[in-house]
2 protein chains.
Amino acid sequence: MAPDDDLFQPVKPVRAYQRVAQQIEERILSGDLPPGSRLPAERELVVRFDVGRSTVREALRVLQTAGLIRSRPGDPLGAEVLGVSPDSLSQALSRLTRSRIASLGELVQFRMVLDAESNRLAARLHTADDLARMRDQIDRMERLGASSTGNLHAFSEADALFHRAVAEASGNSLLGLCARAVHEAVVGVIEEKIAGAADASAWMERSITHHRQVLDAISSGDAPRAARLGREALYEYYADHVEPETRRLLAAAVEDPSD
Amino acid sequence: MAPDDDLFQPVKPVRAYQRVAQQIEERILSGDLPPGSRLPAERELVVRFDVGRSTVREALRVLQTAGLIRSRPGDPLGAEVLGVSPDSLSQALSRLTRSRIASLGELVQFRMVLDAESNRLAARLHTADDLARMRDQIDRMERLGASSTGNLHAFSEADALFHRAVAEASGNSLLGLCARAVHEAVVGVIEEKIAGAADASAWMERSITHHRQVLDAISSGDAPRAARLGREALYEYYADHVEPETRRLLAAAVEDPSD
DNA sequence: GGAAATCAACTGGTCTGACCAGTCGACTGG
DNA sequence: CCAGTCGACTGGTCAGACCAGTTGATTTCC
């Protein structure tokens, strides 16, 4: 191996706040500071790291932006460790979309891929427990839908939990995490545009039917059908809301002849 | 619609630095501050926003962490606007992995899904230009491989450009961006463990062959085959390096009967 | 004795003012 | 015309102060 010019590399200055943030992040990611535990107070960190308070605060700001910690004025226990969350993921995705680097259509198509693959893998690798969790959420959705109080919040929470159960069954948490992040990014982009557009109870009805079909496909191990159902549902739901010029992307993604 | 209790929602305090950061981010994402343009100096922002310098600095720190701006001491022009970059995406993914929320196996499996879907869509939607770009990179890889100088850096750059070309052809930039982010996260996790392990020139040889096959499948519109090739290559390359207990995940992902 | 009001000791959020090392452009001396 | 100097910036850091809010112990009042 010829050590041509890789021997010396440009040295980049490391700011004090970076060293502080990195040390704390290391402790959190390694598990030394589990979620729920508390960081020392800012003024305490100042003496421990031997830096100024502004430096500590910039470090904490970075960690907070990354969703690793949360701080609240007046809390005598110090900042709370949250652990790793997909928040920063969805934030990054939402930025990509809002800056029009990625269109809404791409976002939805991306989620179609993610959901379809989650469903496919879940159909293959699920356990009885996984199926029970999914069934529970569908039952809950049904109760909420029947009561007609229009409690959409609880309904979409059950929906989220269903998807989480599928992601767990798939064995790949990344798929579920990313799907959730994409979903949040989509919501952040179109927001109210959909919110009250359609008749809520009719929509809930359809949603429940769809979830039942997915559960059926997964529990019977029909991977291709589970995947296709995931894609179709998203297409049906979002196709009318994406930019016309990207709709063909969705169409290409939904009509997958391989399954 | 029953406005039960959604009428009033808990009000959450908005910090001064958040308002500052949000205003600047808005200008960047909207295009008012295109990449390459400059922000006013910190002390200038202080008077414009009418806040303290620490507040301005925390706001800039947040934006810098998100990869939206870059600042350098002494620069009389102020912080440089970078525009939206996928850096924060890969950073978020890398954190998920390092915290062992996502295992290496999941990461690789995730990339299998991403690459396979990129290839699949590229096989359907490619243009002649796309194909030319891919061919260019393969040619470049071949020249680099033949010269046997072992310039791995340039080789992997050509590899990255090939994948970017595929992502562009697929019409979904998100797929490529995420794949790249995952790739960086994987590299960050196993790093040298692979670097000099195998014979470099033999590996380049195989890599070139694989890329030729993918290009062939894409240009002939054979979507299922393109997808399968993408999965298999990753499996072949990484299977030995993931944790044994997650290898079955990879196996489940690679042997997709649907294509 | 027990519930309610009070208070002191914190917390994080913000501001001010200062100093440093580095960068850059203009000025200056050859 | 070029090299060196110098001063006016920059961002990075620190110290110290004040504020509003939370908290828990203390005191007050029924």
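Model, not experiment: these values are computed from the prediction.

J.: Explain the overall build of chain A to me, please; I cannot follow it from the model alone.
T.: Broken down by element type, chain A carries 12 helices and two strands. Going from N to C terminus, chain A has its helices and strands arranged as α-α-α-β-β-α-α-α-α-α-α-α-α-α. Taken along its principal axes, the extent of the C-alpha atoms in chain A is 60 × 55 × 40 Å. By the burial criterion, 48% of the 259 residues in chain A qualify as buried.

J.: Please explain the side chain of B:Asn172 as it appears in this structure.
T.: By the secondary structure assignment, B:Asn172 is in the loop between helix H7 (152–170) and helix H8 (173–190). Setting aside anything within four residues of it in sequence, one finds B:Asn172 in contact with A:Glu106, A:Gln109, A:Phe110 and B:Ala167.

J.: Help me understand unusual backbone geometry, please; the structure alone is not making it clear to me.
T.: Note on backbone geometry: most residues besides glycine have negative phi, and most peptide bonds are trans. Residue A:Asp50 is not a glycine yet carries a positive backbone phi of 60 degrees. On the secondary structure map, A:Asp50 appears in the loop between helix H2 (42–49) and helix H3 (53–65).

J.: Quick question: what am I supposed to make of the pattern of salt bridges here?
T.: Two side chains with opposite charge may pair up if their charged atoms get near one another. On inspection of all chains with the given rule, the structure shows 43 salt bridges over all chains. A salt bridge links A:Arg38 to A:Asp75, with the nearest nitrogen and oxygen atoms 2.9 Å apart. Within this pair, whereas A:Arg38 is found in the loop between helix H1 (16–30) and H2, its partner A:Asp75 is found in the loop between strand E1 (69–70) and strand E2 (80–81), the two being separated by 37 residues in sequence. A salt bridge links B:Glu236 to B:Arg206; the shortest N-O distance between them is 2.8 Å. Here B:Arg206 lies in helix H10 (residues 200–219) and B:Glu236 lies in helix H11 (residues 223–238), a separation of 30 residues in the sequence. Note on B:Glu236: relative accessible area 49%, which makes it partly exposed. By relative accessible area, B:Arg206 is classed as partly exposed at 45%. A single salt-bridge network, built from bridges that share partners, covers A:Glu42, A:Arg53, A:Arg57, A:Arg61 and B:Glu58.

J.: Sorry, what's going on with the nonpolar core here?
T.: Taken as a class, soluble globular proteins show a tendency for nonpolar side chains to be buried jointly. Counting 100 residues, the largest nonpolar core has A:Leu114, B:Leu89 and B:Leu114 as its most contacted members. For B:Leu114, the contacting residues outside a window of four places in its chain are A:Phe110, A:Leu114, B:Leu175, B:Cys178, B:Ala179 and B:Val182.

J.: Explanation requested: the side chain of B:Ser103 in the structure shown.
T.: Residue and element names in this part refer to chain B. Counting through the fold element by element, Ser103 comes out in the loop between helix H4 (87–98) and helix H5 (104–125). Judged by its relative accessible area of 15%, Ser103 is buried. Residues contacting Ser103, with those up to four places away along its chain left out, are Glu243 and Thr246.

J.: Before we go on, may I ask you to explain the packing of aromatic side chains in this structure?
T.: Considering all chains together, one arrives at six aromatic pairs over all chains under this definition. Between the aromatic rings of B:Tyr237 and B:Tyr238, the centroid separation amounts to 4.8 Å while the plane-to-plane angle is 70 degrees, which identifies the pairing as edge-to-face. The class of B:Tyr237 is partly exposed, set by a relative accessible area of 32%. These aromatic residues form a ring-pair network of at least three members: A:Phe155, A:Trp203, A:Tyr237 and A:Tyr238.

J.: Help me understand the protein's contact with DNA strand C in this model?
T.: Taken together, 26 residues surround DNA strand C, and among them A:Arg43, B:Ala16, B:Gly52, B:Ser54 and B:Thr55 come closest. Sugar and phosphate atoms constitute 67% of the interface atoms of DNA strand C, taking the interface as everything within 4 Å of the protein. Take A:Glu42: an N or O atom from its main chain is 3.1 Å from a phosphate oxygen of DNA strand C. Split by residue class, the surface near DNA strand C holds eight nonpolar, seven polar and 11 charged.

J.: It is not clear to me how the relation of the copies chain B and chain A should be interpreted in this structure. Could you clarify?
T.: Each of the two chain copies goes to the other by way of a rotation about an axis and a shift along it. Superposing chain B onto chain A takes a rotation of 180 degrees plus a shift of 0.2 Å along the axis, which leaves an RMSD of 0.5 Å. Those values place the two copies in the arrangement expected of a two-fold rotation axis. Comparing interface residues between copies, 96% of those in chain B also lie at the interface in chain A; the contact surface is shared.

J.: Got a minute to help me understand the protein's contact with DNA strand D in this structure?
T.: Surveying the vicinity of DNA strand D reveals 26 residues, the closest of which are A:Ala16, A:Gly52, A:Ser54, A:Thr55 and B:Arg43. Expressed as a percentage, the sugar and phosphate content of the atoms of DNA strand D within 4 Å of the protein is 67%. Between DNA strand D and A:Arg53 there is a distance of 3.2 Å, counted from a base nitrogen to a side-chain nitrogen or oxygen. Here a phosphate oxygen of DNA strand D and a side-chain polar atom of A:Thr55 are 2.4 Å apart. Sorting the residues of the surface near DNA strand D by element identifies H1 and H3 of chain A together with helix H2 (42–49) and helix H3 (53–65) of chain B as the ones contributing at least two each. Residues of the surface near DNA strand D, tallied by class, amount to eight nonpolar, seven polar and 11 charged.

J.: Can you walk me through empty space enclosed by the protein in this structure?
T.: Any empty space left between atoms is shown by rolling a water-sized probe over those atoms. Evaluated as defined, the whole model comprises one cavity of 30 Å³ or more. Volume-wise, the largest cavity comes out at about 120 Å³. Around the largest cavity, the lining is made up of 13 residues, and of these A:Thr65, A:Ser88, B:Thr65, B:Ser88 and B:Arg95 lie nearest the centre. Listed by contribution, the elements that provide at least two residues to the lining of the largest cavity are H3 and helix H4 (87–98) of chain A together with H4 of chain B. For the lining of the largest cavity, the per-class residue count stands at five nonpolar, six polar and two charged.

J.: What am I meant to see in the packing of helix H10 (residues 200–219) of chain A against helix H11 (residues 223–238) of chain A here?
T.: When two helices pack together, their arrangement is captured by the angle between the axes and the distance separating the axes. Residues and elements named next belong to chain A. Interaxial distance between H10 and H11 falls to 8 Å at its minimum, and their mutual angle equals 165 degrees. The angle between H10 and H11 places the two elements in the roughly antiparallel class. Crossing hand, H10 versus H11: left-handed. Along the contact surface, H10 presents Trp203, Arg206, His210, Gln213, Val214, Asp216, Ala217 and Ile218, while H11 presents Arg225, Ala226, Leu229, Ala233, Glu236 and Tyr237. Taken together, the residues that form the contact of H10 with H11 break down as eight nonpolar, two polar and four charged.

The rules behind the values
Residues numbered from 1 in each chain as written. Chains lettered and ligands numbered in written order. Predicted model: local features only at pLDDT ≥ 70, side-chain atom pairs only at ≥ 80, totals over all residues. Heavy atoms only, no water. Helix = DSSP H or I, 4+ residues; strand = E, 2+ residues; numbered from the N terminus. Buried < 20%, exposed > 50% of the residue type's maximum accessible area, 1.4 Å probe, protein only. Contact = heavy atoms within 4.5 Å. Salt bridge = Lys/Arg side-chain N within 4 Å of Asp/Glu carboxyl O. Core = buried A, V, L, I, M, F, W, Y, C linked by side-chain atoms within 4.5 Å. Phe/Tyr/Trp six-rings, centres within 6.5 Å; stacked < 30°, edge-to-face > 60°. Near = heavy atom within 4 Å. Polar contact = N/O pair within 3.5 Å; in protein donor to acceptor, adjacent residues only side chain to side chain. Nonpolar A, V, L, I, M, F, W, Y, C, P; charged D, E, K, R; others polar. Least-squares fit on C-alpha atoms with pLDDT ≥ 70 in both. 1 Å grid on protein atoms, 1.4 Å probe; cavity = no way out; pocket = protein on both sides within 12 Å on 5 of 7 lines; lining within 4 Å. Points joined across faces, edges and corners; volume = space filled by probe spheres on them. Axes fitted to C-alpha atoms, helices over the stretch in contact; angles between N-to-C directions. Parallel < 35°, antiparallel > 145°, perpendicular 65-115°, else oblique. Left-handed = near helix turned anticlockwise from the far one by under 90°.

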